[in-house]
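# A closer look at the structure
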Amino acid sequence: MEFTAKQIAQFVEGRVEGDENAVVNTFAKIEEGRAGAISFLSNPKYTHFIYETASSVVLVNEDLKLENEVKPTLIRVKNAYECVARLLQLYESMKPKKKGIDSLAFVSPTAKIGNDCYIGAFAYVGDGVEIGDGTQIYPHVVIEDNAKIGNECLLYPNVSVYHDCRLGNRVTIHSGSVIGADGFGFAPNTEGYDKIPQIGIVVIEDDVEIGANTCVDRSTMGQTIVHKGVKLDNLVQIAHNVEVGENTVMSAQVGIAGSTKIGSWCMFGGQAGFAGHIQVGDKTFVGAQCGVNSSLKGNQSVIGSPAMEPKGFFRSSVIFQKLPDMYKQLNALQKEVESLRRIADDKKSGE
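The structure presented is a predicted model; accordingly, all values stated were derived computationally and were not measured. (Residues numbered from 1 in each chain as written. Predicted model: local features only at pLDDT ≥ 70, side-chain atom pairs only at ≥ 80, totals over all residues. Heavy atoms only, no water.)

Within the protein chain, the regular secondary structure consists of 3 helices and 39 strands. For the C-alpha atoms alone, the extent of the protein chain along its principal axes is close to 105 × 70 × 30 Å. For the protein chain, with 351 residues in total, the buried portion stands at 39%. Within the protein chain, counting contacts between residues at least 6 apart in sequence, those at least 24 apart form 17% of the total. Positive and negative side-chain charges in the protein chain, numbering 34 and 42 respectively, have mean positions lying 6 Å apart. (Helix = DSSP H or I, 4+ residues; strand = E, 2+ residues; numbered from the N terminus. Buried < 20%, exposed > 50% of the residue type's maximum accessible area, 1.4 Å probe, protein only. Contact = heavy atoms within 4.5 Å. Lys, Arg positive; Asp, Glu negative; His and termini not counted. Charge placed at Lys NZ, Arg CZ, Asp CG, Glu CD.)

Okay, here's the thing in structure tokens:
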């Protein structure tokens, strides 16, 4: 597929600066540009590559100021990063989709399969399962009894969807992820632990993307809910009865303990951990490796463990770095105080 700079500019509502007939047929990073490729520049740190790149077309922000002449055709837009995302989505949508049920797949006679679906070899579709139109089920996916999958979903190899769970439309789940495994529920007794049956389900709403080897556990009762637009990275743990608000994003290795409620439009850095039974308000930004052990009101940023506002964390970090020297000073002062105390005691005894 080939597109001209003029066609691309019309699609992204941009302005061409240079040859509007320049043709591209692939994407490339600006530092690895080549003829026939389109690149983008949004981070000022990469500005120097605009004078060196061999790409034919480069998307740039409207306010970019050039210090020298450039070889590629430029398309000026309001937000280059957002526009390249739209172009990549267009490019991806043009790829042909697989269709049909492989002869080596098992599909229960009681399952309902929509139109234009793909079910790959060695996939398992259980009794009473419903799969919507245009959904793609890759090899070795397991969809257990009575689960429901919406339209235009994409389940990559080795995904497991346990019984009775619900997936909305346009849900993407990457390899190795498990939706609906038992929540971590055990009651201690004198001899060990009694398992608490997890009789609830998982509900994944529309336009959710879940990374590889991520787990969303079923609820003890009721539902574990991931609301629409949520994006979860690889190796994320969502425990039983958790609720994740719309358009929240979580980086790799985030862990959410049971019954915690997460608001909308939150952003969590990698390895952030959340205690159970707390509430995190809308638009909360949590830094990497942050430990959140109590509820947060929302519209705030926290970092560190335990979580605190950035100013407090940075002040504490400065003190923490000085602790070894402070410890030495404290020991020296303690010895000096003990020495002065002995001198004072000697004087008293000599009177």
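Back to the text.
Looking now at the sheet that holds strand β9 (residues 106-107). With respect to topology, 10 strands assemble into an open sheet ordered β9-β12-β15-β18-β21-β26-β29-β32-β35-β38, the strand pairing being parallel. Two strands close off the open sheet at either side, each with one partner strand: β9 and β38 (291-292). As paired strands, strand β26 (residues 215-216) and strand β29 (residues 237-238) are joined by 2 bridges and run parallel to one another. Following the sheet pairing, valine 216 is matched in β29 by isoleucine 238. (Pairing = 2+ DSSP bridges.)

So, about helix α1 (residues 5-12). Residues of α1 that are buried include every one of Ala5, Ile8, Ala9 and Val12, and no others. Along the long axis of α1, the arc covered by the buried residues comes to 100°, so they all point the same way. Looking one or two places after α1, you find glutamate 13, whose phi comes out positive at around 60°. (Arc of directions from axis to C-beta.)

Time to look at the packing of aromatic side chains. Counted under the stated rule, the structure contains 9 aromatic pairs. When the ring of phenylalanine 313 is compared with that of phenylalanine 314, the centres are 5.7 Å apart and the planes differ by 70°; the resulting orientation is edge-to-face. Following the ring pairs from residue to residue traces out a cluster consisting of Tyr118, Tyr138 and Tyr156. Arginine 86 extends its terminal NZ or CZ atom over the ring of phenylalanine 11, reaching a point 5.2 Å from the ring centre. (Phe/Tyr/Trp six-rings, centres within 6.5 Å; stacked < 30°, edge-to-face > 60°. Lys NZ or Arg CZ within 6 Å of the ring centre and 35° of its normal.)

Attention now moves to a nonpolar patch on the surface. On the surface, Met1, Phe3, Tyr91 and Met94 cluster together into a nonpolar patch covering about 360 Å² of accessible area. With respect to the helices and strands, the residue phenylalanine 3 is situated in strand β1 (residues 3-4). Of the residues examined, phenylalanine 3 reaches a relative accessible area of 30% and is grouped as partly exposed. (Patch = residues over 30% accessible without salt bridge, like charges linked within 9 Å, V, L, I, M, F, W, Y side chains within 5 Å. Areas by Shrake-Rupley, 256 points an atom, 1.4 Å probe, with all protein chains shown as cover. Salt bridge = Lys/Arg side-chain N within 4 Å of Asp/Glu carboxyl O.)

Moving on, we get to the environment of glycine 192. For glycine 192, the location among the structural elements is in strand β23 (residues 192-195). Sequence-wise, glycine 192 and isoleucine 101 are 91 residues apart; in three dimensions their C-alpha atoms are separated by 46 Å.

Two elements in contact, α1 and helix α2 (residues 80-93), have axes whose closest approach is 10 Å; the angle formed by their N-to-C orientations is 110°. Of the possible angle classes, the one that applies to α1 and α2 is roughly perpendicular. Listed contacts from α2 to Ile8, Phe11 and Val12 of α1 are Cys83, Arg86, Leu87 and Leu90. Here the contact of α1 with α2 is composed, by residue class, of 6 nonpolar, no polar and 1 charged. (Axes fitted to C-alpha atoms, helices over the stretch in contact; angles between N-to-C directions. Parallel < 35°, antiparallel > 145°, perpendicular 65-115°, else oblique. Nonpolar A, V, L, I, M, F, W, Y, C, P; charged D, E, K, R; others polar.)

With respect to the helices and strands, the residue threonine 224 is situated in strand β27 (residues 223-226). A relative accessible area of 0% places threonine 224 in the buried class. At 2.8 Å, the side chain of threonine 224 and the backbone oxygen of aspartate 217 are in polar contact. Among the polar contacts made by the side chain of threonine 224, one reaches the main-chain amide nitrogen of serine 219 at a distance of 3.4 Å. With residues up to four places along the chain from it excluded, the contact list for threonine 224 reads Ile201, Val202, Val203, Val216, Asp217, Arg218, Ser219, Ile238, Ala239, His240, Asn241 and Val242. (Polar contact = N/O pair within 3.5 Å; in protein donor to acceptor, adjacent residues only side chain to side chain.)

Moving on, we get to the side chain of serine 55. Looking at where serine 55 falls in the secondary structure, it is placed in the loop between β5 (37-41) and β6 (57-61). Since its relative accessible area comes to 3%, serine 55 is described here as buried. A distance of 2.6 Å separates a polar atom in the side chain of serine 55 from a polar atom in the side chain of serine 39. If we ignore the near neighbours within four places in the chain, the residues touching serine 55 are Ala28, Gly33, Arg34, Ala37, Ser39 and Pro72.

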